[in-house]
Amino acid sequence: MKTALKIFAQWIAVFIMLPFTLLFFLLGFAAGKDEAISTLSQLLSLLPGKVGSYLRAGFYRFALKKCDPSAVIGFGTIFSQADTEIESGVYIGPQCNIGLCSIGTDTLLGSGVHIMSGKGQHNFDNPNVAIKDQGGEFEKISIGDNCWLGNGSLIMASIEKRCVIAAGAVVTSKTVSNTIVGGNPAKKIKDI
């Protein structure tokens, strides 16, 4: 019965969010999908509580490349890239900033986690050109299944399955499966 009620609530959320979904596609056509997702995610991030989480999931399941209906997306969380993928059982805590990434099944993100679109987003090699005008390269970060990213961690590289990232860690290079990492830059603490 509980599962049936959740599925019903998920479809109600889809219906309620239909105007925002249509607006996303219109804005995406006019200004690009990334601009549309960034704009609307800022607005929708302000919907509080469990109702807000259901409504966000109802929108993102059509606006992102993939978002499983079971995803929990916390208050204040914003997305900057429409090519993001969220698998089933994912929990994204409040006030996260999610860039271009794929988040695996049953992964948990604590509050204030930032997943950047790689570590090459900003070039700064030419001293005669403003940094903001030098461009950069976006990389799709992969977060494996069954991971836990602690509060305030900064993710700039892929994380393999079943990893724990300590609170406040700065991940600048790919992690190995079944490990705990922490620090700045993040280093292996121990195997799980």
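Below, the structure is looked at part by part. Computed from a predicted model, the values in this text were never measured in an experiment. (Residues numbered from 1 in each chain as written. Predicted model: local features only at pLDDT ≥ 70, side-chain atom pairs only at ≥ 80, totals over all residues. Heavy atoms only, no water.)

## Quick look at the sheet that holds strand S13 (residues 164–165)
Stage number 1. If you walk across this open sheet you meet the seven strands as S2-S5-S8-S11-S13-S15-S16, and the pairing is mixed. At either margin of the open sheet sits one strand with a lone partner, and together these are strand S2 (72–73) and strand S16 (187–191).
Stage number 2. Where strand S15 (residues 179–182) and S16 come together, four bridges link them in antiparallel fashion. Note that in S16 the partner of Gly182 across the bridge is Lys187. (Pairing = 2+ DSSP bridges. Helix = DSSP H or I, 4+ residues; strand = E, 2+ residues; numbered from the N terminus.)

## Regarding the sheet that holds strand S4 (residues 85–86)
Sheet strands pair via backbone hydrogen bonds, and the direction of the pair is either parallel or antiparallel.
Stage number 1. The parallel open sheet is built from four strands, whose spatial order is S1-S4-S7-S10. If you trace the sheet from one side to the other, it starts and ends with strand S1 (66–67) and strand S10 (141–143), each paired once.

## Remarks on a nonpolar patch on the surface
Stage number 1. On the surface, a nonpolar cluster with roughly 630 Å² of combined accessible area is contributed by Phe8, Ile12, Phe15, Ile16, Leu18 and Leu22.
Stage number 2. Of all the secondary-structure elements, those providing two or more residues to the nonpolar patch are helix H1 (2–16) and helix H2 (18–31).
Stage number 3. Locating Ile12 in the fold gives a position in helix H1. (Patch = residues over 30% accessible without salt bridge, like charges linked within 9 Å, V, L, I, M, F, W, Y side chains within 5 Å. Areas by Shrake-Rupley, 256 points an atom, 1.4 Å probe, with all protein chains shown as cover. Salt bridge = Lys/Arg side-chain N within 4 Å of Asp/Glu carboxyl O.)

## Here's the deal with the nonpolar core
Side chains that are nonpolar tend, in soluble globular proteins, to be buried together.
Stage number 1. Counting 40 residues, the largest nonpolar core has Ile92, Ile115, Leu149 and Ile155 as its most contacted members.
Stage number 2. Those residues in contact with Leu149, other than ones at most four positions away along the chain, are Thr107, Leu108, Leu109, Gly110, Val113, Ile115, Ile143, Ile155, Ile159 and Ile165. (Core = buried A, V, L, I, M, F, W, Y, C linked by side-chain atoms within 4.5 Å. Buried < 20%, exposed > 50% of the residue type's maximum accessible area, 1.4 Å probe, protein only. Contact = heavy atoms within 4.5 Å.)

## Observations concerning unusual backbone geometry
Stage number 1. Following Asn184, the chain continues to Pro185 via a peptide bond in cis, the omega torsion being -5 degrees.
Stage number 2. With respect to the helices and strands, Pro185 occurs in the loop between S15 and S16.
Stage number 3. In this model, Asp106 sits at a positive phi of 60 degrees, which is unusual for a non-glycine residue.
Stage number 4. By secondary structure assignment, the location of Asp106 is in the loop between strand S7 (101–103) and strand S8 (108–109).

## Overview of the pairing of S16
Stage number 1. Little of S16 is tucked away, with zero of its five residues classed as buried.
Stage number 2. Connecting the antiparallel pair S15 and S16 is a turn made up of four residues, with Gly183 showing a positive phi of about 100 degrees.

## Some points on the pairing of S15
Stage number 1. Every second residue of S15 is oriented toward a common face, with Thr179 and Val181 on one face and Ile180 and Gly182 on the other, all of them buried.
Stage number 2. Where S13 meets S15, two bridges bridge the pair, whose relative direction is parallel. Among the inter-strand pairings, Ile165 is bridged to a residue of S15, identified as Val181.

## Quick notes on the packing of H1 against helix H4 (residues 49–63)
Stage number 1. Following both chains from N to C, one finds H1 and H4 inclined at 70 degrees, their axes separated by 8 Å at the closest point. Taken together, the axes of H1 and H4 lie roughly perpendicular to each other. H1 and H4 meet at a crossing whose hand is right-handed. Taking contact as the criterion, the partners of Lys6, Ala9, Gln10, Trp11, Ala13, Val14 and Ile16 in H1 are, on H4, Tyr54, Leu55, Gly58, Arg61 and Phe62. (Axes fitted to C-alpha atoms, helices over the stretch in contact; angles between N-to-C directions. Parallel < 35°, antiparallel > 145°, perpendicular 65-115°, else oblique. Left-handed = near helix turned anticlockwise from the far one by under 90°.)

## Structural notes on the packing of aromatic side chains
Geometry of an aromatic ring pair is reported as the spacing of the ring centres plus the angle between the planes.
Stage number 1. In the structure shown here, the tally under the stated rule is four aromatic pairs.
Stage number 2. Taken together, a centroid distance of 4.6 Å and an interplanar angle of 55 degrees make the contact between Tyr60 and Phe79 tilted. Note that Tyr60 is positioned in helix H4 and Phe79 in strand S3 (residues 78–79), a separation of 19 residues in sequence. The pair Tyr60 / Phe79 is uniform in exposure class, with both members buried.
Stage number 3. These aromatic residues form a ring-pair network of at least three members: Phe24, Phe25, Phe59, Tyr60 and Phe79. (Phe/Tyr/Trp six-rings, centres within 6.5 Å; stacked < 30°, edge-to-face > 60°.)

Keep in mind these values describe shape, not function.
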